[in-house]
Amino acid sequence: MQNQMKSSISSFPPIAMVKASSYEEALIAKAVERLFSELSISSALFEGKKVLIKPNLLMRRRPEEATTTHPQVVLSVIEWIKRAGAAEIVLADSPGGLYTPSQLRSIYSACGMEDVAKKSGCVLNLETGSGTVPSKNPKLCQDFNLIDPVRKADVIVSVGKLKTHCMTGLSGGVKNLFGCIPGLQKPQLHYRYQNKREFCSMLVDLAQTVAPVLTIMDAVESMEGNGPSGGSVRKTGFLIASQNPFCLDRFLCDLIAMTPQQVPTVAESIQRGLCPEKSEDLLILNPDALPTLLRDYRHPQSKTIDFSGNVPSFLQPAVRWTARHLLSPKPIIDTQKCIGCGKCAESCPPHTIHIQNRKAQIQYKNCIRCYCCHEMCPVKAIHIKGRS
Ligand code: SF4
Ligand code: SF4
């Protein structure tokens, strides 16, 4: 479907989308240039500043696997910001699993970020310190422990990857910022906010606190199906950006044919007035007349119906227990594929996975259906299946 929407009444910052049919260097550089120009991004935003680039480096994957932000997109964004006169550019993320210098080196190398640093001269973060930052306009979380590069930056640019997500529906601008939480403190937050809506509300608190000045989404090749790591690559052919990550996600939600109810971070952002309820109220700058709806985009198998909001409060815990244990799909270990690496056990918030005879085993009684194990398995040996 060809579509171009431009409203003059939107009170929210605009979203720009431009064509980029491949990761060829000159083509991406031109597309990034056009994105910045469409959004009227001024050099003054970066001039003399310490800029943090926050890509999605979920795990040790090659760029062509579409799990991580493509290095060519990151490089072109850095080059633009360098020309704008940034004082220093640091590239940092806290991937899933341990947050250690050796783990970071290994992921930077696999994801192509080492080459980005060599070509651009940006600093690859290897510091693993963190500290408490008070939340801005919180609904749930009064403060967050954030990695040092986030705390020290003057401005933050989030460069994510368009992917589906087994727990949150969409891995967009808001979810990309979960990587500002150090290492294994991420599973702790999953454990603290076991209800999906509460977890997503926490993510919105986090996004308001980190407050990136610009969010860019690499959707040249995206991930559909069981994202953010177990899905399949889809050539979508564009880059999308906005200064407002909530509006960007509201748009992405429509783009991949999901409703805000299926993406609780978006439903929460709408409720807080951070983005409009109706996509007609978004201002979309689409000079290439790209599709704004991909009807056949494959969704995660973990999609569940959460109807606990419609029952009396005293019944909600029971309804949530039923939804989690009887209605939610569960993670299943493929023992043929499992190599016993223990990454799933390391990331499991309630520690309900054990490795026995070099194979992972799940005790379902305590499983909170967060799908962190599925997300972190390096060999895709955890499937999400049916009802228990
Ligand atoms: S087994 Fe997997 S889905 Fe269940 S709690 Fe552990 S990490 Fe989450
Ligand atoms: S299921 Fe995956 S992450 Fe867990 S031990 Fe096996 S290979 Fe490693």
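Since the model is a prediction, treat every value here as computed from it, not as a measurement.

**Student:** I'd love a proper account of the site of ligand 1, names of residues and values included.
**Tutor:** Inspection of the region around ligand 1 gives 14 residues, with Cys 348, Cys 367, Cys 370, Tyr 371 and Cys 373 positioned closest. Taken together, the residues that form the shell around ligand 1 break down as twelve nonpolar, one polar and one charged.

**Student:** Could you give an account of the state of the cysteines, naming the residues involved and the relevant values?
**Tutor:** Going through the model one piece at a time under the given rule, you end up with zero disulfides. Just so you know, Cys 247 is unpaired, no disulfide at all, and the nearest cysteine sulfur is the one on Cys 275, 5.6 Å from it.

**Student:** Describe the site of ligand 2, with residues and values.
**Tutor:** If you check the shell around ligand 2, you find 13 residues, and the closest are Cys 338, Cys 341, Gly 342, Cys 344 and Cys 377. Tallied by class, residues from the shell around ligand 2 come to ten nonpolar, two polar and one charged.

**Student:** Now, about the pairing of strand 3 (residues 88-91): what can you tell me, with residues and values included?
**Tutor:** Summarising the sheet, strand 2 (residues 50-55) and strand 3 pair through four bridges and their orientation is parallel. Bridge pairing in strand 3 links Val 51 to Ile 89. One crossover worth recording links strand 2 to the parallel strand 3 by way of helix 2 (residues 71-83), and it is right-handed.

**Student:** How would you summarise the environment of Phe 144 if you had to cite specific residues and measurements?
**Tutor:** By the secondary structure assignment, Phe 144 is in strand 6 (residues 143-147). Phe 144 sits 13 residues away from Gly 131 along the chain, and the two C-alpha atoms are 8.0 Å apart. Those residues within four positions of Phe 144 in sequence are excluded, and the remaining contacts are Gly 131, Thr 132, Val 133, Ser 135, Ile 181, Met 202, Asp 205, Leu 206 and Thr 209.

**Student:** Describe in detail the packing of aromatic side chains, supporting the description with residues and values.
**Tutor:** Following the criterion strictly, the structure yields three aromatic pairs and no others. Look at Phe 46 and Trp 80: their rings are 6.2 Å apart centre to centre, the planes differ by 80°, and that puts the pair in the edge-to-face class. Separated by 34 residues along the polypeptide, Phe 46 in the loop between helix 1 (25-38) and strand 2 and Trp 80 in helix 2 bring together distant segments of the chain. Considered together, Phe 46 and Trp 80 belong to a single accessibility category, that of buried residues. Consider the rings of Phe 178 and Phe 199, whose centres lie 5.4 Å apart with planes at 85°: the pair is edge-to-face. Here the residue Phe 178 occupies a position in the loop between helix 6 (173-176) and helix 7 (185-192), and Phe 199 occupies one in helix 8 (residues 196-210), the gap between them amounting to 21 residues. Using a relative accessible area of 5% as the deciding quantity, one classes Phe 178 as buried. Aromatic rings pair up to connect Phe 36, Phe 46 and Trp 80 into one cluster.

What counts as what
Residues numbered from 1 in each chain as written. Chains lettered and ligands numbered in written order. Predicted model: local features only at pLDDT ≥ 70, side-chain atom pairs only at ≥ 80, totals over all residues. Heavy atoms only, no water. Near = heavy atom within 4 Å. Nonpolar A, V, L, I, M, F, W, Y, C, P; charged D, E, K, R; others polar. Disulfide = S-S within 2.5 Å. Pairing = 2+ DSSP bridges. Helix = DSSP H or I, 4+ residues; strand = E, 2+ residues; numbered from the N terminus. Right-handed = clockwise from strand over helix to strand, strands pointing away. Contact = heavy atoms within 4.5 Å. Phe/Tyr/Trp six-rings, centres within 6.5 Å; stacked < 30°, edge-to-face > 60°. Buried < 20%, exposed > 50% of the residue type's maximum accessible area, 1.4 Å probe, protein only.

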